[in-house]
Amino acid sequence: LRDFYGAARQDPVLAPAFAGVADWERHIATITGFWCSVALMTGEYHGRPMQAHAHLALTPAHFARWLEIFERTARAHFTPEGSEHMLEKARRIARSLEMGLIPMDLSKRS
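The model shown is predicted, which means the values in this text are computed figures rather than measured ones.

Conventions we followed
Sequence order sets the numbering: in each chain, residues are counted from 1 along the sequence as written. Residues qualify for local features only when their pLDDT is at least 70, as the model is predicted, and side-chain atom pairs are given and counted only at 80 or more; totals for whole chains, interfaces and linings, by contrast, use all residues. Side-chain numbers here rest on the full set of heavy atoms in the structure, without hydrogens or water. Secondary structure counts use DSSP, requiring at least four H or I residues in a row for a helix and at least two E residues in a row for a strand, with both numbered from the N terminus. To estimate the expected span of a helix, subtract one from its residue number and multiply by 1.5 Å. Partly exposed describes any residue whose relative accessible area lies between the buried limit of under 20% and the exposed limit of over 50%, with all areas from a 1.4 Å probe on protein chains only and scaled to the type maximum. What the arc describes is the spread of directions from the helix axis to the C-beta atoms. For this analysis, residues touch if any pair of their heavy atoms sits within 4.5 Å. Buried Ala, Val, Leu, Ile, Met, Phe, Trp, Tyr and Cys residues that are joined via side-chain atoms within 4.5 Å together make up what is termed a nonpolar core. Here a polar contact is recorded for every N or O atom pair within 3.5 Å, except that within protein the pair must consist of a potential hydrogen donor and a potential acceptor, and residues adjacent in sequence are included only if both atoms are side-chain atoms. Here the axes come from fitting lines to C-alpha atoms, over the contacting stretch only for helices, and the angles between their N-to-C directions go from 0 to 180 degrees. Left-handed describes a crossing whose near helix is turned anticlockwise from the far helix through less than a right angle; right-handed describes the clockwise counterpart. When residue character is reported, Ala, Val, Leu, Ile, Met, Phe, Trp, Tyr, Cys and Pro are called nonpolar, Asp, Glu, Lys and Arg charged, and the others, Gly included, polar.

## Side note on helix α5 (residues 60-77)
- In a regular helix each residue adds 1.5 Å, so 18 residues correspond to 26 Å; α5 covers 26 Å between its end C-alpha atoms and thus fits that length.
- Those residues of α5 not exposed but buried are His62, Phe63, Trp66, Ile69, Phe70, Thr73 and Ala74. Viewed end-on, α5 has its buried residues packed into an arc of 135 degrees, placing them on one side of the element.
- Packed against the buried residues of α5 are α1 (2-10), α3 (24-40) and α6 (80-101).

## Observations regarding the nonpolar core
- Tyr5, Trp35, Trp66 and Phe70 are the most contacted members of the largest nonpolar core, which totals 25 residues.
- Elements that contribute at least two residues to this core include exactly α1, α2 (15-18), α3, α5 and α6.
- Among the elements that line this core, the one with the most residues is α3, at 7 residues.
- With sequence-adjacent residues up to four places away left out, tryptophan 66 is seen in contact with Phe4, Tyr5, Leu14, Trp35, Ala90 and Ala94.

## Re the side chain of histidine 62
- With respect to the helices, strands and loops of the structure, histidine 62 is situated in helix α5.
- There is a polar contact of 2.9 Å between the side chain of histidine 62 and the backbone nitrogen of threonine 59.
- Ignoring sequence-local partners within four residues, the contact set of histidine 62 consists of Val13, Leu14 and Ala57.

## Structural notes on the environment of histidine 85
- On the secondary structure map, histidine 85 appears in helix α6.
- For histidine 85, a relative accessible area of 34% translates into the label partly exposed.
- A sequence separation of 64 residues divides histidine 85 from valine 21, and the C-alpha atoms of the two residues are 28 Å apart.
- Polar side-chain contacts of histidine 85 include one of 3.0 Å to the backbone oxygen of alanine 39.

## Things to note about the packing of α1 against α5
- Between α1 and α5, whose axes approach to 9 Å, the crossing angle comes to 145 degrees. Along this stretch, α1 crosses α5, giving a crossing that reads as right-handed. The segment α1 lies against α5, with Asp3, Phe4, Tyr5, Ala7 and Ala8 engaging Trp66, Ile69, Phe70, Arg72, Thr73 and His77.
- In the contact of α1 with α5, the residues fall into 7 nonpolar, 2 polar and 2 charged.

## Thoughts on α3
- Helix length check: α3, at 17 residues, gives a terminal C-alpha distance of 23 Å against a target of 24 Å (1.5 Å per residue), a fit within 8%.
- For α3, the full list of buried residues reads Trp24, Ile28, Ile31, Gly33, Phe34, Trp35, Cys36, Ser37, Val38 and Ala39.
- Taken together, the buried residues of α3 touch α1, α2, α4 (49-53), α5 and α6.
- The N-capping residue of α3, defined by a side-chain oxygen 3.3 Å from the backbone nitrogen of glutamate 25, is aspartate 23.
- Phi turns positive one or two residues past the end of α3, at methionine 41, with a value near 55 degrees.

And the structure:
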C-alpha cells in the first residue's frame, strides 16, 4: 500500500486528489483496514468510501490511472494468483466508485 500510494501521490493525474490528505499515517492505517476487509474479509473497515471520495471531482481518467498504478504495484508485490485476486477486487471497487461518483451523461443516449 505504501508503494502504491507513494506512486499515486507522485502521478500527475492522481496527485491532486491526494493533496488534501493531511495525515498520511492515519490515511495509510485507514486504507490498510479497508484493503484487509476487502481482500482478506477481516471486517475491520467501517468507513464510507463513496462519501470519502465525493468531494474529489474524480473523472474516468482518474479511475483508469488508479487501476494502471494498482496493477503495476500488485504484479510487483504479489504472486500471480495474489495479484489477480487483488486486481479483481480493485476493478470492482473502481467500477463501483466511478458509477456512484460520476453522473451519467444522459444527453449522449439515444
